[in-house]
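Breakdown of the fold
Each chain, written out:
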Amino acid sequence: MTNMSRRNALGTIAVGAAAVAVPLDAGAQTPIPSATVPAFAGSHAPKPLSFDATKLTGLSEKLIRSHWENNYQGSVKALNMVEGRLSAAMADKDLPPVIYGDLKREELHRTGSVILHELYFEQFGGDGVAKGTIREALAKSHGNFEAWEAEFRRTAMALAGGSGWCILAWNQYTKSLHNYWAWDHTNGPVAGTPLLVLDMYEHAFAIDYGAAAAKYVEAFMHNIDWAVVDARYKAAARG
Ligand SMILES: [Fe+2]
């Protein structure tokens, strides 16, 4: 067997720290991994709650636990499953594009859900009093802090009755702070680093407030740990 024919029959591809032998597509000569690739490892693990769910103001333990166990952890499991299917699909060149598109759309959707929910739960446990560099920056970007808060609440309420996320973000491209309206988990701001995220899906408040979204937004604001938001802002603005 010549060197060229050997390369056609068997290639190598780096998987993590190791290089493993993989078969090559004889026609396209594209490496097709026979083992799980890091991009589709499917090994996401749910993060525990970082606060005492019995101690929040106006948000019940039942609501928080239902949200964390069913919606967040459901997305973690789904993302792992989708990554497993994408890993298997790398060796299945006959999979129709329309089916592959379904997997890629779900990968984007579940990735957004996992990240946004982890940011959401991580920012609870505070007294809701804004402080630090982020308060000064928001006052500067919106005229005063109260004007920023009013616009944040207004953006959130624009999603009430539907679903989505209200996202305070540092836009890495424009170097500015904005409250963004995101229709779903895939609808994040381009070049935006999330600093404070408000889940406006009904599963985030219906157990406690039914359809009264404004009461939920009020309770949410009282439980923000602004030290977490401030740290996110400093890291994002540095980066
Ligand atoms: Fe949620």
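Let us look at the structure shown here. (Residues numbered from 1 in each chain as written. Predicted model: local features only at pLDDT ≥ 70, side-chain atom pairs only at ≥ 80, totals over all residues. Heavy atoms only, no water.)

Another aspect to go through is the sheet that holds strand E5 (residues 192-199). The 3 strands lie next to each other as E4-E3-E5, forming an open sheet whose pairing is antiparallel. The sheet terminates laterally at strand E4 (176-182) and E5, the two strands that pair on one side only. Neighbour to neighbour, the strand axes of the sheet diverge by 25° on average, direction disregarded. Pairing of strand E3 (residues 165-171) with E5, which is carried by 7 bridges, proceeds in the antiparallel orientation. (Pairing = 2+ DSSP bridges. Helix = DSSP H or I, 4+ residues; strand = E, 2+ residues; numbered from the N terminus. Axes fitted to C-alpha atoms, helices over the stretch in contact; angles between N-to-C directions.)

Distances from the iron ion to its protein donors, namely His-67 (NE2), His-117 (NE2), Asp-199 (OD) and His-203 (NE2), fall within the range 1.9 to 2.2 Å. Angles of 90 to 138° at the metal separate the 4 donor atoms of the iron ion, which places the site in the irregular class. For the iron ion, all donor residues lie on one chain, and their spacing in sequence is H-x49-H-x81-D-x3-H. Residue His-117 is located in helix H3 (residues 97-122), and its partner Asp-199 is located in strand E5; the two are separated by 82 residues in the primary sequence. Note on His-117: relative accessible area 1%, which makes it buried. (Donors = N, O, S within 2.8 Å, 3.2 Å for Na, K, Ca; no water. Tetrahedral: all angles 85-135°; square planar, octahedral: opposite > 155°, others 65-115°. Buried < 20%, exposed > 50% of the residue type's maximum accessible area, 1.4 Å probe, protein only.)

The subject of this paragraph is unusual backbone geometry. In this structure, Lys-175 takes a positive phi of about 55° despite not being glycine. Mapped onto the elements of the fold, Lys-175 is located in the loop between E3 and E4.

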